[in-house]
Amino acid sequence: MENAILVLNAGSSSLKFSVFNLLSEGRLRQSITGQVEGIGTAPHLKVKDGNGQNFIDVHWQTTEVANHAQALQHITHFLHTKLQHRQLLGVGHRVVHGGPDYSAPLLITPAVMIKLDIITPLAPLHNPHNLAAIRAMMQESPVLPQVACFDTAFHRQQDTVAKLFGLPYEYYEHGVQRYGFHGLSYEYIASVLPAEISMGRVIVAHIGSGASLCAIHKGRSVATTMSFTALDGLLMGTRAGSLDPGVILYLLQQQGLSLKQLEDLLYKQSGLLGLSGISNDMRVLLDSDEPRARLAIDYFVYRVSREIGSLAAAMGGVDALVFTAGIGENSPQIRQLICEQATWLGVDFDAAANQAGAACISRADSRVTVWMLPTNEELMIARHTRTLLGL
Ligand code: AMP
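I will try to describe carefully the structure that is included in this document. The residue numbers shown here count from 1 along each chain, following its written sequence. Residues qualify for local features only when their pLDDT is at least 70, as the model is predicted, and side-chain atom pairs are given and counted only at 80 or more; totals for whole chains, interfaces and linings, by contrast, use all residues. Heavy atoms throughout the structure, all of them, feed into the side-chain values; hydrogens and water do not.

### A few points about the site of the ligand
Here comes step 1: Every residue close to the ligand is listed here: Gly-208, Ser-209, Asp-281, Met-282, Arg-283, Leu-286, Ala-325, Gly-326, Ile-327, Asn-330 and Ser-331.
Here comes step 2: Within the side chain of Ser-209, an N or O atom sits 2.7 Å from an oxygen atom of the ligand.
Here comes step 3: For the ligand, whose free accessible area comes to 500 Å², the fraction covered by protein is 70%.
Here comes step 4: Per the convention used, a helix needs a DSSP run of H or I reaching at least four residues, while a strand needs a run of E reaching at least two, with both numbered from the N terminus. For the shell around the ligand, the element with the most residues is helix H13 (residues 325-330), which contributes four residues. Whether a residue is near a molecule or strand is decided by its heavy atoms; if any one of them lies within 4 Å of it, the residue is near. Counted as a polar contact is a pair of N or O atoms within 3.5 Å, where, for protein atoms, one must be capable of donating a hydrogen and the other of accepting one, and residues adjacent in sequence contribute only when both atoms are in side chains. Using the Shrake-Rupley algorithm and a 1.4 Å probe, accessible areas are obtained, with residue cover drawn only from the displayed protein chains.

### Description of the packing of helix H2 (residues 110-119) against helix H3 (residues 127-140)
For any two helices packed against each other, one specifies the inter-axial angle together with the distance between the axes.
Here comes step 1: Fitting a line to C-alpha atoms yields each axis, with helices limited to the stretch in contact; the angle taken between N-to-C directions then spans 0 to 180 degrees. It is at 10 Å that the axes of H2 and H3 come closest, and there the two elements cross at 160°. Judged on the interaxial angle alone, H3 and H2 are roughly antiparallel. The element H2 and its partner H3 pack so that their crossing is left-handed. Every residue of H3 that contacts H2 at Met-113, Leu-116, Asp-117 and Ile-119 is listed here: Asn-127, Leu-131, Ile-134, Arg-135 and Met-138.
Here comes step 2: Each residue gets one of three labels, nonpolar for Ala, Val, Leu, Ile, Met, Phe, Trp, Tyr, Cys and Pro, charged for Asp, Glu, Lys and Arg, and polar for the others, Gly among them. Along the lines of polarity and charge, the residues of the contact of H2 with H3 split into six nonpolar, one polar and two charged. Roughly parallel means an angle under 35 degrees; roughly antiparallel means over 145; roughly perpendicular covers 65 to 115; every other angle is labelled oblique. Handedness of a crossing follows from how the near helix is turned relative to the far one, being left-handed for an anticlockwise turn of less than a right angle and right-handed for a clockwise one. The contact criterion used throughout is that any non-hydrogen atoms of two residues lie within 4.5 Å.

### Quick notes on the side chain of Asp-151
Here comes step 1: Here Asp-151 lies in the loop between strand E8 (146-150) and helix H4 (160-163).
Here comes step 2: Residues contacting Asp-151, with those up to four places away along its chain left out, are Arg-94, Val-95, Val-96, Gly-180, Phe-181, His-182, Gly-183 and Leu-184.

From the geometry alone we can't say anything about function, so treat these as descriptive.
Written as structure tokens, this is what we have:
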């Protein structure tokens, strides 16, 4: 019988899952991937096999899958029928925020759950969904070991100076720090870079609907653009990125926005969507002739380019630039626009390799090498789970 690891990634209205078969010599093979989307609104389950072929596509009534626990019941029921010859040995969860203390994945125990509940106010829009999935899994299979893998963990090794805000120091001690996110993606990218590159100074651009950059030196996160929350840094699909805090005061005090309106503005109505007035999807903007679509793209590229300069300064230079995630992996046009702004750093861009979807998209003599590498956060979680459970 083959053994397997289940990976769960819970969002506000979705529950993504992947099954990894444990092969010999510690290798992992993704055999099933799927998600329940529209939890509580228009729930449906889509599942694919390791080759991307569809297994099933089921739609339910809203009341049939009103929460994560019900979604998980459907997933485990499906897996029971599909995994006949495989045995689940553990579950790895993506947990967005690990607070100041968790700098590595860990086995979930009742004591850990209490600590994770205490951290929840640091990530009120994300962690509750992650914890809901853990609790539902504990109910479904109480003896199956579960592992929490944090998006913040990779950045906890940064120097204190990189984690500070200029607020009174007591705030830092009470957890108001730069945490950074997308850590599982950065860790995965660092693990697949050619060895000679990974030992140098690397800037990774994880640009998808959420977007951030990370400076990685000798495999260690040195600085990143997201900070206390996933709102900071670059322009994103619907998030504004870095903002003068005075704007928030003005909106509250002079424009009379409620806290809920402000939260919606910052998380859901800004970014590419807010600037263009058309869409949060880069594909739609690239296809559009509207001047505001162009403006949104220009600002996106400008912000990434400026932050590349900032992260290069944090490392005292840069040897490699890596593009990943939805936009980074799929848009040659955006990669080219960003690279054209980075010639001053020593990027000699190879437009033909970029159009062809090659992994290395800089010319042979480019001082800074440029890469396009698909990320795989699920595989990173499966690797951590395997290691932590000694499988
Ligand atoms: P992610 O959050 O990493 O899944 O990225 C999702 C985003 O990637 C989408 O919202 C699109 O804006 C973007 N994207 C996906 N495919 C393309 C493409 N071919 N060209 C430009 N953007 C793309």
